[in-house]
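Structural features, examined
So you can see what is in the structure, the chains are spelled out below.
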Amino acid sequence: MNTSKKLTKLLNNSLEIEIDHTSKIIMMSDCHRGTGNAGDNFTINKNIFMAALNYYYDNQYTYIEVGDGDELWENDSYNDIIIYNKDVFELMSKFYQRKQFYMLFGNHDIAKNNNGQLNGYYSEKKNQYMPLFPDIIVHEGLILKDTDTNHKILITHGHQGDLLNDTMWKVTKLLVRYLWYPLESIGVRNPTSAASNNYIKRTTEHKLIDWTKQNNQLLITGHTHQVVFPKVGEHLYFNDGCCTNPGYITGIEINEGSISLVKWSMKTKPDRTLFIDYEVMAGPNKLTDYFNYEYLR
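Residues numbered from 1 in each chain as written. Predicted model: local features only at pLDDT ≥ 70, side-chain atom pairs only at ≥ 80, totals over all residues. Heavy atoms only, no water.

Things to note about the pairing of strand β9 (residues 218-221)
Here β9 shows two buried faces, one formed by L218 and I220 and the other by L219 and T221. Here strand β8 (residues 152-156) runs beside β9; their pairing, made up of three bridges, is parallel. In the sheet register, I155 faces β9, and the bridge partner there is I220. Pairing analysis gives three bridges linking β9 to strand β10 (residues 237-239), with the strands arranged parallel. Counted as the bridge partner of L219 is Y237 from β10. (Buried < 20%, exposed > 50% of the residue type's maximum accessible area, 1.4 Å probe, protein only. Helix = DSSP H or I, 4+ residues; strand = E, 2+ residues; numbered from the N terminus. Pairing = 2+ DSSP bridges.)

Next up, the structure:
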């Protein structure tokens with residue numbers, strides 16, 4: 001099934017979450033949480049991610065993780081990922097307990113699709129089972145339904161319809177784990193990745209943009225690791241970027257009827273102390289401005 005058909009199917013069948021002008025949501029993706037080894041791209045930004053997520057928890061945001069939160073192509077054991085990042089998972093669990101957490105799967109963590117691994121883990125330190133996300137459903141897509149305007153926003157990882165990252169993902173996973181992952185440690189880029197292959201990245205973006213125009217439908221994804229925040233009238237495709245850039249992470253906020261692209265980074269004060277900085281990269285723009293523009297030709 002091609003990208004357009006898969007996205008349309010998700011639009012017609014995904015779980016709908018109602019939002020309005022008071023809703024506060026943060027969307028981030030592509031953390032690729034690992035086990036702290038040389039190939040773990042999340043470790044360098046773990047403190048930044050924790051600082052951001054604590055801010056959103058304290059300010060009553062709903063956190064939607066838009067796929068590839070965990071790196072299950074390069075790592076055999078999901079439990080090892082949880083143990084190494086238990087502080088991250090325990091914080092996300094607090095969102096879940098408050099019914100303000102949704103998890104989507106991407107191509108790199110499709111294996112956790114409703115298989116029970118996220119229910120909890122056994123803590124040797126505490127000598128007891130620690131619940132995380134009991135009975136969680138990991139989604140392929142979610143729909144935010146704006147009850148003020150009756151418009152919908154589709155959220156999905158963005159790998160849908162890609163030959164290597166969707167149709168043949170099991171084969172690609174083996175190639176990444178046993179060929180490209182070892183080569184990456186010596187500087188060889190993985191040609192199957194939309195994040196490192198510019199041709200795949202552009203092709204993916206064009207397909208997603210075309211679908212938004214043809215369906216007059218706002219779409220938010222991750223996958224390419226490339227932020228996209230269109231001007232009103234340009235198109236309706238948004239991308240939240242990733243959490244593996246050197247020294248910073250990005251995300252998309254919806255806050256009281258407006259949408260923004262945000263960046264969290266590590267910076268230094270004049271007295272040489274470090275701090276986590278928050279920056280609005282684009283927006284805020286009113287969602288109604290995007291909803292009211294007619295894209296169909």
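Following the structure, the description resumes.
Some details on the pattern of salt bridges
Across all of its chains, the model carries seven salt bridges by this definition. Measuring nitrogen to oxygen at the nearest pair gives 2.7 Å for the salt bridge that ties E16 to K152. Of this pair, E16 sits in strand β1 (residues 15-19) while K152 sits in strand β8, and the two are 136 residues apart along the sequence. Exposure remark for K152: the relative accessible area of 29% places this residue in the partly exposed category. The closest approach of N and O atoms between R33 and D70, which form a salt bridge, is 2.7 Å. Residue R33 is found in the loop between β2 (24-28) and α2 (46-58), and its partner D70 is found in the loop between β3 (62-66) and α3 (78-84); the two are separated by 37 residues along the sequence. By relative accessible area, D70 is classed as buried at 0%. Through salt bridges with shared partners, a single network forms among R33, E65, D70, D109 and K112. (Salt bridge = Lys/Arg side-chain N within 4 Å of Asp/Glu carboxyl O.)

Remarks on the sheet that holds strand β13 (residues 274-286)
Across the sheet, six strands lie side by side as β4-β3-β2-β11-β12-β13; this open sheet has mixed pairing. With partners counted over all chains shown, the strands left at the sheet margins are β4 (101-104) and β13, one partner each. The average angle at which neighbouring strand axes cross in this sheet is 20 degrees, direction not considered. With ten bridges joining them, strand β12 (residues 258-268) and β13 adopt antiparallel strand pairing. Residue pairing for β13: K263 is matched across the bridge by E279. Packed onto the sheet, α2 meets β2, β3, β11 (248-255), β12 and β13 and runs at close to 135 degrees relative to β12. (Axes fitted to C-alpha atoms, helices over the stretch in contact; angles between N-to-C directions. Contact = heavy atoms within 4.5 Å.)

Overview of the sheet that holds β8
Read from one edge to the other, the open sheet built from five strands follows the order β1-β7-β8-β9-β10, with strand pairing classed as mixed. Among the strands making up the open sheet, the edge pair consists of β1 and β10. Averaged over all pairs of adjacent strands, the angle between strand axes in this sheet comes to 25 degrees, irrespective of strand direction. Sheet topology note: the β1/strand β7 (residues 141-146) ladder contains five bridges and is parallel. Among the inter-strand pairings, I19 is bridged to a residue of β7, identified as D146. Where helix α1 (residues 3-13) meets the sheet, it contacts β1, β7, β8 and β9, and its direction lies at approximately 120 degrees from that of β8.

Structural notes on α1
Of the positions making up α1, those classed as buried are T3, L7, L10 and L11. Burial along α1 is one-sided: seen end-on, the buried residues are contained in an arc of 100 degrees. Exposed residues pointing more than 90 degrees away from the buried face of α1 are listed as K5, N12 and N13. Elements that come into contact with the buried residues of α1 comprise β7, β8, α7 (198-215) and β9. The backbone nitrogen of S4 has a side-chain oxygen 3.3 Å away, supplied by the residue at the start of α1, namely N2. (Arc of directions from axis to C-beta. Polar contact = N/O pair within 3.5 Å; in protein donor to acceptor, adjacent residues only side chain to side chain.)

Examining unusual backbone geometry
Excluding glycine, most residues fall at negative phi; most peptide bonds, likewise, are trans. In the segment running from G283 into P284, the intervening peptide bond is cis, with an omega of 0 degrees. By the secondary structure assignment, P284 is in strand β13. Residues other than glycine seldom take positive phi values, yet H32 does so here, at roughly 55 degrees. Checked against the element boundaries, H32 lands in the loop between β2 and α2. Assessed through its relative accessible area of 9%, H32 is described here as buried.

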